[in-house]
Amino acid sequence: MRAVTTTTLTGERADLLQSLRRHRGFLRQTADGLSDEQARTRSTVSALTIASLLKHVADTEEQWIAFATGAPGAMGGAEDGDWDGEWDPNAPDPRFVLSEADTLVALLARYDEVAAATDAVVETADLDHATPLPSAPWFEPGAAWTLRRTLLHVIAETSQHAGHADIIREAIDGAKTMG
């Protein structure tokens, strides 16, 4: 679990972290009480599972924060992060593919590690720091995102996938995070 910080955040940083933590909590809650087998269950027509969503969201959050803090090649593709290949929308996204080591306990621990690293960045980094988006067919040419904009994207991604996980969980055993 995340260590308790002694710094009291206020304003925008506090709001961003509170929102991100809330949506992470919704996603984590969908895994409460599940076995590894249930966490890997495809309970809808989608290939998504609660386990694959936990893996994907942790990997994606880590990737976007690495991008926003200037890690070379953080967005994949070429060494500089620019898109250098063909995109196949039907190919499986490796961030959803589970290995034998991807137990529910391991996935939740990794998610906690990624969350702690992201939280540390939000607590201290310049929210106005902008990083150019890599050249890719799905990004506007020449666009740059601030750390703030990147965090808003991570919050949206986490929220969207928490909703997916809630539907999957409800189909497994009727449990749901809200309502």
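Our subject in this report is the structure included herewith.

Calculation criteria
- Residues numbered from 1 in each chain as written.
- Predicted model: local features only at pLDDT ≥ 70, side-chain atom pairs only at ≥ 80, totals over all residues.
- Heavy atoms only, no water.
- Core = buried A, V, L, I, M, F, W, Y, C linked by side-chain atoms within 4.5 Å.
- Buried < 20%, exposed > 50% of the residue type's maximum accessible area, 1.4 Å probe, protein only.
- Helix = DSSP H or I, 4+ residues; strand = E, 2+ residues; numbered from the N terminus.
- Contact = heavy atoms within 4.5 Å.
- Phe/Tyr/Trp six-rings, centres within 6.5 Å; stacked < 30°, edge-to-face > 60°.
- Lys NZ or Arg CZ within 6 Å of the ring centre and 35° of its normal.
- Axes fitted to C-alpha atoms, helices over the stretch in contact; angles between N-to-C directions.
- Parallel < 35°, antiparallel > 145°, perpendicular 65-115°, else oblique.
- Nonpolar A, V, L, I, M, F, W, Y, C, P; charged D, E, K, R; others polar.
- Expected span 1.5 Å × (residues − 1).
- Salt bridge = Lys/Arg side-chain N within 4 Å of Asp/Glu carboxyl O.
- Polar contact = N/O pair within 3.5 Å; in protein donor to acceptor, adjacent residues only side chain to side chain.
- Left-handed = near helix turned anticlockwise from the far one by under 90°.

**Some points on the nonpolar core**
Generally speaking, a soluble globular protein has its nonpolar side chains buried in company with each other.
In step 1: Counting 21 residues, the largest nonpolar core has Trp64, Phe67, Leu133, Phe139, Leu147 and Leu151 as its most contacted members.
In step 2: Elements represented by at least two residues in this core include exactly helix H1 (11–29), helix H3 (50–68), helix H4 (104–124) and helix H5 (147–173).
In step 3: Not counting chain neighbours up to four residues away, the residues in contact with Trp64 comprise Met75, Leu133, Phe139, Trp145, Thr150, His153 and Val154.
In step 4: If you look at the next biggest cluster of nonpolar residues, it comprises 20 residues, including Phe26, Ala31, Leu34 and Leu54.

**Section: the packing of aromatic side chains**
In step 1: Counted according to the given criterion, the structure contains five aromatic pairs.
In step 2: Taken together, a centroid distance of 6.2 Å and an interplanar angle of 80 degrees make the contact between Trp64 and Phe139 edge-to-face. Here Phe139 lies in the loop between strand E1 (130–132) and strand E2 (144–146) and Trp64 lies in helix H3, a separation of 75 residues in the sequence. The burial state of Trp64 is the same as that of Phe139; both residues are buried.
In step 3: Taking the ring centre of Trp145 as reference, the NZ or CZ of Arg149 above it sits at 4.0 Å.

**Some thoughts on the packing of H3 against H5**
In step 1: Between H3 and H5, the shortest axis-to-axis distance is 10 Å and the interhelical angle comes to 180 degrees. By the angle class used here, H3 and H5 are roughly antiparallel.
In step 2: A breakdown of the residues in the contact of H3 with H5 according to their chemical character gives 13 nonpolar, seven polar and three charged.

**Overview of H1**
In step 1: If you check H1, its first and last C-alpha atoms are 27 Å apart, about what 19 residues at 1.5 Å a residue would give, namely 27 Å.
In step 2: Looking at H1, one finds that the buried residues are Leu16, Leu17, Leu20, His23, Arg24, Phe26 and Leu27.
In step 3: Those residues of H1 that are buried are in contact with H3, H4 and H5.

**Details of the pattern of salt bridges**
Any two side chains of opposite charge can pair, given that their charged atoms come close.
In step 1: Counted by the stated rule, this structure contains 12 salt bridges.
In step 2: Between Glu123 and Arg21 there is a salt bridge; the shortest N-O distance is 3.8 Å. Highlighted residues: Glu123 in helix H4 and Arg21 in helix H1, separated in sequence by 102 residues.
In step 3: Notably, a salt bridge pairs Arg28 with Asp112, separated by 2.9 Å at the nearest N-O pair. One end of the pair, Arg28, is in helix H1; the other, Asp112, is in helix H4, and 84 residues separate them in sequence.
In step 4: The class for Asp112 is buried, based on a relative accessible area of 17%.

**Quick notes on the side chain of Thr118**
In step 1: Within the secondary structure layout, Thr118 lies in helix H4.
In step 2: In this structure the side chain of Thr118 is engaged in a polar contact, spanning 2.7 Å, whose partner is the side chain of Glu61.
In step 3: Those residues in contact with Thr118 that sit more than four places away from it in its chain are Leu20, Arg24, Glu61, Ile65 and Leu151.

**Some words on the packing of H1 against H5**
In step 1: Two elements in contact, H1 and H5, have axes separated by 8 Å at closest approach and are oriented at 20 degrees. The orientation of H1 relative to H5 falls into the category roughly parallel. With respect to the hand of their crossing, H1 and H5 are arranged in left-handed fashion. The residues of H5 that touch H1, namely those facing Glu12, Leu16, Ser19, Leu20, His23, Arg24, Phe26, Leu27 and Gln29, are Arg148, Leu151, Leu152, Val154, Ile155, Thr158, Ser159, His161, Ala162, Ala165 and Arg169.
In step 2: Classifying every residue of the contact of H1 with H5 by side-chain character gives 10 nonpolar, six polar and four charged.

**Some remarks on the side chain of Lys55**
In step 1: Looking at the secondary structure, you find Lys55 in helix H3.
In step 2: A relative accessible area of 17% means that Lys55 is categorised as buried.
In step 3: Dropping the residues within four chain positions of it, Lys55 is found in contact with Pro94, Arg95, Val97, Leu98, Asp102 and Leu107.

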